[in-house]
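Commentary on secondary and tertiary structure
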Amino acid sequence: MRKIVEIHNHFQPAKDASNLLYTPADHGMTYRETRRYSFQYSGSDSALLDFVQSVLVDPVSEDLHDGPSPCFKDYIFHLDLMLKPSLLDLEKEYIRNYVRDQAYTDWTLDELSVAHRYYFFGKGDITPQRIARDMVNPVIHTWNIVYGTGTA
Amino acid sequence: MEKRPYAILLKFPGTNCDVETARALETAGFRAEIMPFRQVVSETIEGANMVVLPGGFSYGDYIMAGRLAQLKIEHGLSASLERFMENGGYLLGICNGFQILMRMGLLPAGSLIAHPDGRFACRWARLRNRCPSHPFLRFLPDEIELPVAHAEGRFVAAEGLAESYVERGLATLTYQDNVNHSFASIAGLQDETGRVFGMMPHPERFLYRSQHYDPDWVGDPDWGWGYYFFKSIHDELAGLSREPGLKTHTNE
């Protein structure tokens, strides 16, 4: 079975998207960042959700979005940034090691992928291509850009 | 028999302020020992007067700063840490250590999150000492300066809580010029017993007067505020009264 969750910090304001670029852009666009975990697992769905709530979510500052749909609406596009599968992803490894140490009996983790997702909002001259050029390191990253329903 | 208060510093993968902090503790009079977390056993903790979680990073600060260290402590040492606290032990968390203590729920509810501008703050911060009689702060004046160096040091909490911590005296240190947009400008917290103490600024980085950015700084002829921070808790644990010759400091 597969479960996708997305976590975002509700205290974090939308930030100026031009800060993500190497070269100047106008300041009309903003972005929000989330962490997105995709679990391939066997066993109890609620037990996995308990794990996510207790280990991956900060109960004070973060909200959990359960499911594959984006956790924000009206974005222009979003970028998913992941390490290439052949590279050592320490966040993934720490989580896998933790799950292994805990020896959960009601669910088992078969595969995990971790992505950082950036949602872009508003009007401006920042295109997905420009974002990818400046944020993605093609040697180590895989990435994905998806257009949303917002209007630029 | 060794009479100096004994402090152990827990070192996680990524902890990088342990040596400076141990040196600051030793300078203040402690016997200090750095212990890699994997080597720590119950007896190690229970034999100490103070357990210190130094600054740096822990397990790459993946997921969120301090989360993985919190989980490791809770699953390996929570019982012995509980006994340590029941027996009157002191627990100090600096920077990443503060983040770990917050995640463990040993300090008033809240969280330390990334700064709104997304940047790492490495600078000096002016602080207000809100608990001048506190065992960690009693040798310090009402206003001090200490270095800060963090990306996830913005204190946040549910509505109204941060202000209540200030009113109730649980906020021990506040920023004078809120460098990271913390709620109620909180830079340090204590628990209800006063024996669990967490702070984002680094007292170990201002041990000597010469470490101050201003060569003409006149706060003290020899020492920085960090020295008096560690000296305060040292004298508390050593059962010493306030040094008679110690003056009230100002930086006028």
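Owing to the predicted nature of the structure, the values given are computational and were not obtained by experimental measurement.

1. Let's talk about the confidence of the model for chain B
Residues and elements named next belong to chain B. Per-residue confidence for chain B gives a mean pLDDT of 93; residues scoring 70 or more make up 94%. For the stretch residues 244–252, pLDDT sits under 50, and the model shows 17 contacts to residues farther than four places along the chain or on other chains. Both scores are given for the predicted complex: the pTM is 0.93, the ipTM 0.90.

2. With respect to the interface of chain A and chain B
Across the boundary between the two partners, chain A contributes 23 residues, which contact 21 residues of chain B. For the pair chain A and chain B, the summed buried area comes to about 1700 Å², and 61% of that belongs to carbon and sulfur atoms. For the chain A face of the interface with chain B, the top three residues by lost area are A:Phe11, A:Tyr94 and A:Tyr98, together amounting to 32%. Viewed at the interface, chain B and chain A are joined by 2 salt bridges. Notably, a salt bridge pairs B:Arg103 with A:Asp58, separated by 3.6 Å at the nearest N-O pair. The element contributing the most residues to the side of chain A that touches chain B is helix 2 (residues 90–102) of chain A, with 7 residues. Of the residues that constitute the side of chain A that touches chain B, the class distribution is 12 nonpolar, 5 polar and 6 charged.

3. Description of the packing of aromatic side chains
All names here are of chain B. Following the criterion strictly, the structure yields 32 aromatic pairs over all chains and no others. Between Trp217 and Trp225, the ring centres sit 5.2 Å apart and the planes meet at 80 degrees, which makes this aromatic pair edge-to-face. Across the pair, Trp225 and Trp217 agree in class, each one buried. An aromatic cluster is present here, built from Trp124, Phe206, Tyr208, Tyr213, Trp217, Trp223, Trp225, Tyr227 and Tyr228 joined pairwise through their rings.

4. What to know about helix 1 (residues 18–28) of chain B
Residue and element names in this part refer to chain B. What helix 1 keeps buried is the set Asp18, Thr21, Ala22, Ala24, Leu25 and Ala28. For helix 1, the arc enclosing every buried residue in end-on projection is 160 degrees, short of the 170-degree limit, so these residues lie on one face. Buried residues along helix 1 sit in contact with strand 1 (6–11), strand 2 (31–36), strand 3 (50–53), strand 4 (90–94) and helix 7 (225–238). At the C-terminal side of helix 1, Gly29 shows a positive phi close to 120 degrees.

5. Points about the environment of B:Val179
Tracing the backbone shows B:Val179 in the loop between strand 9 (171–175) and strand 10 (186–190). Between the alpha carbons of B:Val179 and B:Leu77 there is a distance of 34 Å; along the sequence they are 102 residues apart.

6. Details of the packing of helix 3 (residues 67–76) of chain B against helix 5 (residues 96–104) of chain B
Residue and element names in this part refer to chain B. In contact at an axis separation of 8 Å, helix 3 and helix 5 are set at 60 degrees when each is read in the N-to-C sense. Between helix 3 and helix 5, the interaxial angle falls into the category oblique. By crossing handedness, the relation of helix 3 to helix 5 is classed as right-handed. Contact with helix 3, carried on its side by Arg67, Ala69, Gln70, Ile73 and Glu74, involves Ile100, Arg103 and Met104 of helix 5 and no other residues of that element. Here the contact of helix 3 with helix 5 is composed, by residue class, of 4 nonpolar, 1 polar and 3 charged.

7. Quick word on the sheet that holds strand 1 of chain B
All names here are of chain B. The strand order across the open sheet formed by 9 strands is 2-1-3-4-11-10-9-6-7, and the pairing between neighbours is mixed. In the strand order of this sheet, the two ends are held by strand 2 and strand 7 (143–150), each with one partner. Going across the sheet, the axis of each strand differs from the next one's by a mean of 20 degrees, ignoring polarity. The sheet contact formed by strand 4 and strand 11 (residues 196–199) spans 4 bridges and is parallel.

8. Some details on the packing of helix 1 of chain B against helix 7 of chain B
All names here are of chain B. With their axes 8 Å apart at the nearest point, helix 1 and helix 7 run at an angle of 60 degrees to one another. Between helix 1 and helix 7, the interaxial angle falls into the category oblique. Viewed along their axes, helix 1 and helix 7 form a crossing whose handedness is right-handed. For the pair formed by helix 1 and helix 7, the contact residues are Thr21, Ala24, Leu25, Thr27 and Ala28 on the first element and Tyr227, Phe230, Lys231 and His234 on the second. Among the residues making up the contact of helix 1 with helix 7, the classes are represented as 5 nonpolar, 3 polar and 1 charged.

Rules and cut-offs
- Residues numbered from 1 in each chain as written.
- Chains lettered and ligands numbered in written order.
- Predicted model: local features only at pLDDT ≥ 70, side-chain atom pairs only at ≥ 80, totals over all residues.
- Heavy atoms only, no water.
- pLDDT = per-residue confidence, 0-100.
- Contact = heavy atoms within 4.5 Å.
- Buried area = accessible area lost by both parts, 1.4 Å probe.
- Salt bridge = Lys/Arg side-chain N within 4 Å of Asp/Glu carboxyl O.
- Helix = DSSP H or I, 4+ residues; strand = E, 2+ residues; numbered from the N terminus.
- Nonpolar A, V, L, I, M, F, W, Y, C, P; charged D, E, K, R; others polar.
- Phe/Tyr/Trp six-rings, centres within 6.5 Å; stacked < 30°, edge-to-face > 60°.
- Buried < 20%, exposed > 50% of the residue type's maximum accessible area, 1.4 Å probe, protein only.
- Arc of directions from axis to C-beta.
- Axes fitted to C-alpha atoms, helices over the stretch in contact; angles between N-to-C directions.
- Parallel < 35°, antiparallel > 145°, perpendicular 65-115°, else oblique.
- Left-handed = near helix turned anticlockwise from the far one by under 90°.
- Pairing = 2+ DSSP bridges.

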